[in-house]
Amino acid sequence: MVRHHALVSNIHDLGIFENVLWRSLHGDLLATSLFPADTFNNQHFAPLLLALVPFYAVSPRAETLIVVQVLWLCSAAIPLYLFSFRRSGSLALAFAVTLALLVSPLVHASALWDFHDLTLAVPLVLWALWAHDGDRRLGLALAVAALLLVREEMGLVVAAFGLFAALDARPRRGLVLLALGLAWFALVARVFAPGTGVGAHADGLRGNLAEATGYRDLALALLANPLRLPLELLRPDKFGYLLCLGAPLLLLPACAGRLLVLLLPGAAIFVLSGNQYVADPYFHYSAFFLPAVFAAAAVGAANLQQRLGRPLALEMAAGIVVAALAFGWSFGLPGGSFRAGFHPVPTALTEAERERHAWLTELARSLPPDACVAATGDVGAHLAARRCFAWFPARLDVRLPRPPPRGHQRQAHAPAPQPPRRAALPHRRRAAQDPRAAAQPR
């Protein structure tokens, strides 16, 4: 909350997702004026966002998304504990792995870096693992169905889950999930949202493969040069990212065997991407790895004990607790280097920030509900709850979405309250000098 009120949140992505939920709440399902064609499907296919609309309806504010994301992401501790206890048979190991998740700076960064649809997948993958391990077919079906609705890449995650299930002595279930995941991924890419995936993120997902123009080209490029994948993992930023995942867990996930198959979709994006933020542990892309890595820690511990022929559960649990706490202290909020996304997370508002937030809140309240608003990135997440919303300077002018009724002169922009002297927003001086820029709400 403090981070958002200090204007550290951004129109990308908190503003985008609030605009999607506000439009969905008012009848335009998965629509947003921030993307071409006025739809979120232009970039991603994430129908599970509609499940959040009832929560957003209770309190239609960006803060609702922040709270829901934190609670939902931390709820992953429940299926992780249940799965870890079942696989390892050790209460201490299950507790240690769960504690490591809850104190992980990567989890905290995912929870506090605005709002993202990818984080919705973390608990669902763990619930699917728990249901599969206990042969709970209904629970597995529900978890897989919800997972497929998270985002287009989850079809590949379900396919990887099917491969794991086939290797885990359930070949029929594995083949069904493998076929379902691949078919769903193809259906989304071809029918439901053909603009998503590689086509929507050419610079990000194809950054290291300039010759590629689609999924087929990516596959051919990898087959032509298989050494590209391991060599990419040895790059300092990406190798350091892997250490951030494994070091707090004593590298036990490396001993998990076939469960590591679940990492394949995230690893492919991680290796192929030229986007530097994919390999940054303080961004939301860790959602591809978190459930599989933490679940693999318990499996790896059980496998290691079996190979050594010695019960080491208590020792490994103690080691995980110490390593996780030390890692969290060094790279989390106490260490001072922690950030969520681009910026450190503030823990309190200054007096100037309080005045600025109060002024911005009053400005948002004074704007007509049907006005078209363009806003800069740092204030956009506070003004996104409307039908016509644009990012400035991507759009330098805004228009009403429909003509005003007869006999009623309607203004696109209400006069803004005078801001406090110490709480000027960015570009205020430039807006005062440029009448055209001054007409745009910041």
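J.: In this structure, what is going on with the packing of aromatic side chains? I would like to understand it.
T.: We describe a pair of aromatic rings using the distance from one ring centre to the other and the angle between the two ring planes. One pass over the structure, following the stated rule, counts 19 aromatic pairs. When the ring of W113 is compared with that of F283, the centres are 5.3 Å apart and the planes differ by 75 degrees; the resulting orientation is edge-to-face. Of this pair, W113 sits in the loop between α7 (105–112) and α8 (121–133) while F283 sits in the loop between α16 (264–272) and α17 (290–308), and the two are 170 residues apart along the sequence. Residue W113 shares its accessibility class with F283, and that shared class is buried.

J.: Teacher, can you tell me more about the state of the cysteines here?
T.: In a disulfide, the sulfur atoms of two cysteines are covalently bonded to one another. Overall, the coordinates contain one disulfide when judged by the stated rule. In this model, C372 is linked to C388 through a disulfide, with the two sulfur atoms separated by 1.6 Å. Taken together, the residues C372 in the loop between α19 (351–366) and β3 (373–375) and C388 in the loop between α20 (377–380) and β4 (389–391) connect sequence positions 16 residues apart.

J.: What am I meant to see in the side chain of H382 here?
T.: Within the element layout of this structure, H382 appears in the loop between α20 and β4. The buried category is assigned to H382, whose relative accessible area is 15%. A polar contact is formed between the side chain of H382 and the backbone oxygen of H4, at a distance of 3.0 Å. With residues up to four places along the chain from it excluded, the contact list for H382 reads H4, H5, L7, S9, H357, L360 and A364.

J.: Hey, could you run me through unusual backbone geometry in this one?
T.: Glycine aside, the phi torsion of most residues is negative, and most peptide linkages are trans. Cis geometry marks the peptide bond from H12 to D13; its omega dihedral reads 25 degrees. Here D13 is to be found in helix α2 (residues 11–25). A cis amide bond, omega 20 degrees, links F392 with the succeeding residue P393. Relative to the helices and strands, P393 is located in the loop between β4 and α21 (428–433). Here A169, not a glycine, exhibits a phi torsion of approximately 70 degrees, which is positive. Looking at the element boundaries, A169 is found in the loop between α10 (154–167) and α11 (171–192).

J.: So what exactly am I meant to see when it comes to empty space enclosed by the protein here?
T.: Taking a probe equal in size to a water molecule and rolling it over the atoms shows the remaining empty space. What the rule picks out here adds up to four cavities of 30 Å³ or more. Its volume calculated, the largest cavity comes out at about 100 Å³. Lining the largest cavity are A121, V125, M154, V157, L262, P265, G266, A287, F288, P291 and A292. Contributions of two or more residues to the lining of the largest cavity are made by α8, α10, α16 and α17. The class makeup of the residues in the lining of the largest cavity is ten nonpolar, one polar and no charged.

J.: Explain a nonpolar patch on the surface to me, please; I cannot follow it from the model alone.
T.: A cluster of nonpolar side chains, contributed by L227, L231, L234, F239, L242, L243 and L251, occupies part of the molecular surface with about 680 Å² of accessible area. It is helix α15 (residues 236–246) that provides the largest number of residues to the nonpolar patch, a total of three residues. Of note, F239 is situated in helix α15.

J.: Is there a simple way to think about helix α9 (residues 137–148) in this case?
T.: In an α-helix, one turn spans 3.6 residues, which is why side chains three or four residues apart end up on the same side. Under the 1.5 Å per step criterion, the end-to-end length of α9 is 16 Å for twelve residues, consistent within 8% with the ideal 16 Å. Among the residues of α9, those classed as buried are L140, A143, V144, A146, L147 and L148. Looking at the buried side of α9, the elements it contacts are α8, α10 and α11.

J.: I keep staring at the environment of T98 and nothing clicks. Help me out?
T.: As for its placement among the helices and strands, T98 is situated in helix α6 (residues 91–102). Looking at T98, the relative accessible area reads 10%, which means it is buried. Spatially, the C-alpha atom of T98 lies 8.0 Å from that of F294, the residues being 196 residues apart in sequence. Beyond its immediate chain neighbours, meaning those up to four positions away, T98 contacts A77, L80 and Y81.

Criteria and thresholds
Residues numbered from 1 in each chain as written. Predicted model: local features only at pLDDT ≥ 70, side-chain atom pairs only at ≥ 80, totals over all residues. Heavy atoms only, no water. Phe/Tyr/Trp six-rings, centres within 6.5 Å; stacked < 30°, edge-to-face > 60°. Helix = DSSP H or I, 4+ residues; strand = E, 2+ residues; numbered from the N terminus. Buried < 20%, exposed > 50% of the residue type's maximum accessible area, 1.4 Å probe, protein only. Disulfide = S-S within 2.5 Å. Polar contact = N/O pair within 3.5 Å; in protein donor to acceptor, adjacent residues only side chain to side chain. Contact = heavy atoms within 4.5 Å. 1 Å grid on protein atoms, 1.4 Å probe; cavity = no way out; pocket = protein on both sides within 12 Å on 5 of 7 lines; lining within 4 Å. Points joined across faces, edges and corners; volume = space filled by probe spheres on them. Nonpolar A, V, L, I, M, F, W, Y, C, P; charged D, E, K, R; others polar. Patch = residues over 30% accessible without salt bridge, like charges linked within 9 Å, V, L, I, M, F, W, Y side chains within 5 Å. Areas by Shrake-Rupley, 256 points an atom, 1.4 Å probe, with all protein chains shown as cover. Salt bridge = Lys/Arg side-chain N within 4 Å of Asp/Glu carboxyl O. Expected span 1.5 Å × (residues − 1).

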